[in-house]
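Summary of the model geometry
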Amino acid sequence: MLMRTDPFRELDRLAQQLTSPGTWTRPSTMPMDAYREGDEYVVAFDLPGVPTDAIDVDVERNMLTVKAERRPAVKADDVQMELSERPLGVFSRQLVLADTLDTEHIRADYDAGVLTLRIPIAERAKPRKISIGAGSGRKEIVG
């Protein structure tokens, strides 16, 4: 029996697996930007359509974890979906923060679907000038 092959069938199956909704045990990643701005380290996560009560930000030691869940919108019984391209499910990202960051004073803002975390650089990590004291003269070691 001859079978007609479709070279794109396997590609479609793989794309479907990769774009399937994340679960709490296997979340999808979320896009982010990270940069230094003055005396702060800034991390911005794209989370459009996620309400603030569905976002968790945790820090344990130097591990920052951001989890979010985008749920489907509640629709009436007579609504028939024609196209659904926006990803749903659980999204997560973990970052290992340097010891030079002050994790006690992280600020989080959420605006226009972007979660922005501002992490101050610790005082001990900032450059500082060391003054040199004048000695009291020459000392002789007798021994």
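Structural notes, computed from the coordinates.

Parameters and conventions
- Residues numbered from 1 in each chain as written.
- Predicted model: local features only at pLDDT ≥ 70, side-chain atom pairs only at ≥ 80, totals over all residues.
- Heavy atoms only, no water.
- Pairing = 2+ DSSP bridges.
- Helix = DSSP H or I, 4+ residues; strand = E, 2+ residues; numbered from the N terminus.
- Axes fitted to C-alpha atoms, helices over the stretch in contact; angles between N-to-C directions.

As a further point, take the pairing of strand β3 (residues 55-60). Bridge analysis of β3 against strand β4 (residues 63-70) gives 6 bridges, and the strand direction is antiparallel. Among the inter-strand pairings, glutamate 60 is bridged to a residue of β4, identified as methionine 63. Between β3 and β4, which pair antiparallel in sequence order, lie 2 residues; one of them, arginine 61, sits at a positive phi of approximately 55°.

Right, let's talk about the sheet that holds strand β7 (residues 114-120) for a bit. An order of β1-β2-β7-β6 is seen for the 4 strands of this open sheet, with the pairing classed as antiparallel. A single partner strand is all that each edge strand has here, and the edge strands are β1 (32-37) and β6 (107-111). Across this sheet, the average inter-strand angle for adjacent strands is 20°, counted without regard to direction.

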